[in-house]
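Structure assessment
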Amino acid sequence: MKAPKSWILEYVDVPEGTTTDELTARLTLTGLKLEAVASPGKDITGPLVVGRVLTMEPEPQKNGKTINWCTVDVGDANGTGEPQGIVCGAHNFKPGDLVVTVLPGGVLPGGFEISARKTYGHVSAGMICSARELGLGEDHDGIIVLPEDAGTPGEDVRPLLGLDEEVIELEINPDRAYALSLRGIAREVLVSVEGASGFRDPALRDTPPANDQGHPVVVEDAEGCPVFVARKVTGFDPSAPTPDVITQRITAAGMRPISLAVDITNYVMLETGRPIHGYDADKLRGAIVVRRAREGETLTTLDGTERVLDPADLVVTDDSGIIGLGGVMGGETTEMSDTTTSILVEAAHWDAVSMFRTGKRHKISSEAGKRNERGVDPTICEAAADRVVELLVEHGGGTADPGVTVVGTPPAMPVVRVPGDLAARVSGMPITEERSIECLRAVGCEVVQDEGTLSVTPPPWRPDLTDAQDFSEEVIRLVGYDEVPSVLPTPPSGRGLTRAQQLRRRVGRTLAGEGYVEVVSFPFVGTTDLDALGLPEDDPRRHLLRLSNPLSSEAGFMTTTLLPGVLRAAARNVGHGNPDVAIFETATVTLPRDAGPAAILPVDRRPTDEEFAALDAALPAQPLHLALVALGDETAGGWWGEARPVSWADAVEAVRSVAAALGLEVSATSAGVAPWHPGRCAELSVEGQVVGHAGELHPTVCAAFGLPKRTVAAEVDLDLLLELAVHLRPAPTFSSYPVAKEDVALVVDASVPAAEVEAALREGAGELLESIRLFDVYTGEQVGAGKKSLAYALRFRAADRTLKEGEAAAARDAAVALAAERTGAVQRT
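Residues numbered from 1 in each chain as written. Predicted model: local features only at pLDDT ≥ 70, side-chain atom pairs only at ≥ 80, totals over all residues. Heavy atoms only, no water.

The omega torsion across alanine 674 and proline 675 is 15 degrees, close enough to zero to call that bond cis. Here proline 675 lies in the loop between strand 36 (667-670) and strand 37 (676-686). The phi angle at lysine 363 is positive, at roughly 55 degrees, despite the residue not being glycine. (Helix = DSSP H or I, 4+ residues; strand = E, 2+ residues; numbered from the N terminus.)

This brings us to helix 20 (residues 754-765). With twelve residues, helix 20 should reach 16 Å at 1.5 Å per residue; the first-to-last C-alpha distance of 16 Å fits that figure. Along helix 20, the residues that are buried comprise Val757, Ala760, Leu761, Gly764 and Ala765. End-on, the buried residues of helix 20 take up no more than an arc of 125 degrees, which puts them together on one face. Two residues or fewer after helix 20 comes glycine 766, characterised by a positive phi angle close to 85 degrees. (Expected span 1.5 Å × (residues − 1). Buried < 20%, exposed > 50% of the residue type's maximum accessible area, 1.4 Å probe, protein only. Arc of directions from axis to C-beta.)

The next subject is a negative patch on the surface. Among the surface-exposed residues, Asp21, Glu22, Asp164 and Glu166 lie close enough to one another that they form a single negatively charged patch. Residue position: glutamate 22 is located in helix 2 (residues 20-29). Take glutamate 22: its relative accessible area is 44%, and that puts it in the partly exposed class. (Patch = residues over 30% accessible without salt bridge, like charges linked within 9 Å, V, L, I, M, F, W, Y side chains within 5 Å. Areas by Shrake-Rupley, 256 points an atom, 1.4 Å probe, with all protein chains shown as cover. Salt bridge = Lys/Arg side-chain N within 4 Å of Asp/Glu carboxyl O. Lys, Arg positive; Asp, Glu negative; His and termini not counted. Charge placed at Lys NZ, Arg CZ, Asp CG, Glu CD.)

Within the open sheet, the three strands sit side by side as 29-31-30. Their pairing is antiparallel. What marks the edges here is a single partner per strand, and that holds for strand 29 (524-525) and strand 30 (545-546). As judged from the two bridges shared by strand 30 and strand 31 (residues 557-558), these two strands associate in the antiparallel manner. Each bridged residue has a counterpart across the sheet, and for arginine 546 the counterpart in strand 31 is phenylalanine 557. (Pairing = 2+ DSSP bridges.)

Inspection of the secondary structure assignment puts threonine 586 in strand 32 (residues 581-588). Note on threonine 586: relative accessible area 18%, which makes it buried. A C-alpha to C-alpha distance of 63 Å links threonine 586 and aspartate 280, two positions 306 residues apart in sequence. Excluding residues that lie within four positions of it along the chain, threonine 586 makes contacts with Arg504, Glu518, Leu624, His625, Leu626 and Leu718. (Contact = heavy atoms within 4.5 Å.)

In structure tokens, the structure reads:
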């Protein structure tokens, strides 16, 4: 909100000598934050004076343009008292007019220096200025013609144009709509600046009583429009100019002057905070009706846009149809124009929530809508309409019609019970109950004291004050936020991380130790992403939850898998020249339950357990998943040897490492699941439950995401792993007795998973087995076609003794025998 300082001080007195800095500092401390202090003429230096045009000689030029060679009386401002010769291209003035003149040595906005220079065959010693050249508006077609009584030639013109005015720009929070007016800002000055007094409310005025002579108005939706006031002015002169003071003030406030009638409605809105709308009364047909729009109705608004209305929109109609979108924007059919001589003034109070939703629905942002959607004083409609009528009559030569239409009454403000010591308890300051009452009354509240409790009725311009804490905040801000003691609260004893938090951190640390970097992706996908993964049509991962308002039309669903996000992240790294990538992500996926829409729970009470359960049942399942991708070299090459590229086994091993950190052991069996390569995909299980898959991605998937072939990936259900995890693992025990080493090489069919062979060896070896490790896989002529040789290192040890000769060999033989029985393995010699 931009407000000229002089306009503010029309409504409130401050102690003499109060500077703008002191004024804005106090406003900031009480909640109206200063954004800037500007002056329209701050960039103008040098002589800028009143000039009287003495002569004006039109001179046509060869280029078709006509210029005026003028002599201008600038008094003694030029140091000689002689008339000044100036060339001017404008034609909207005549000899005898007072104009704004800048003399040589002056500098206009934009660093435009004025000097005496030869142009069009004359030496032009200065410039006759337009509003645009002075930074006062966009009008560049004609120069500023001052009123006849504006001043004498040679007098400094800055005070006349408001160029030396200081304009204070304040940041207004959405709950303080009253401060979007000079009336509201002046109230804040009154309660903020020490010694301020003499508040003069621009909305406090005698207004004529309602009668039955006014324009008929019917309000069908009293909840949406509690108050509607209509006044009429006839005989208005549409060509009458807007007074300079009104033009200067609405321009300083950031609005564009349009015409006298429109400028007056904007002026009163800025003055009182009450949006006003004017209709060309001659274009109205019959009574005005306020109602909700009907399905399929349309309206062309003042901005020339045809809008399809929603049944929730409040509209203003007459016998011709809809003529306005209530409280937001008027319609074209009744717009005031340069031929309007009869004006119907509307000052209506509109439901703030309805205004906000209508503005968002139709993407309309206006100064009136900005105020209506935040809540405006409903008691000043008659005063605001009367003020508009007064100014239209005064400056437009019109006549106020005796008819006054008032429909409805302002809604009553609620009475709120507030503990008398609440402000003191909240702030930690010694604020007495009497001090609280004083502060509340200062902001306009009615307060009744009753044995330690205050019954407070907020003023009608403060709809934001609805509960006890709001009133305590009002008291604290007036006492002074800068007075609140700086006391550190005593922190409660920490409870530490939860089990789930500890386990998730353990997962992250483990993967970081394995060389993986964590990434975060958007949880949105499109069907093209699932097509790129090669998922079949019946894959459960294609069952998606659609977003009602997606960020992108290409990703309009919540994802059921983390793979698209991490694969895109890996591709971006490859695209930036990084050939070796290892990344992971832990995030939730969304699995729809098709339970139907969730019930809308009440807000006036706590929902019941049954209502909570129904809400939970309607929500989709959102399990936590872990996904990882790796590509390039696992081990870099160098003088020590050749590089080792990443393989499907590295993806499996990464999941094994995570499981081991959680105290779990993963079993891997061959599988064929998209998007992995059918022959290089492992199904991962823990305690018999499938937790995910890992392996090498299918070549077509790599190509679809822009990744090199042989890229590997894994995705597991991390929630399931955390559920099965051993939270507090027992410390390992160590034996001081020597280990017995036994190695075996078993030949099996190529289709037999190594995990099955290992499981048989582990079970057959018994309790003496300390560890088992697959250290070599061989295929070739020596083992025959369709066969493979698996070499395992077995380590045996007893915790309480040295193994006797033959015990390790016997355990080895038992292990080999069980592996032969279950998998058909033959020991290789």
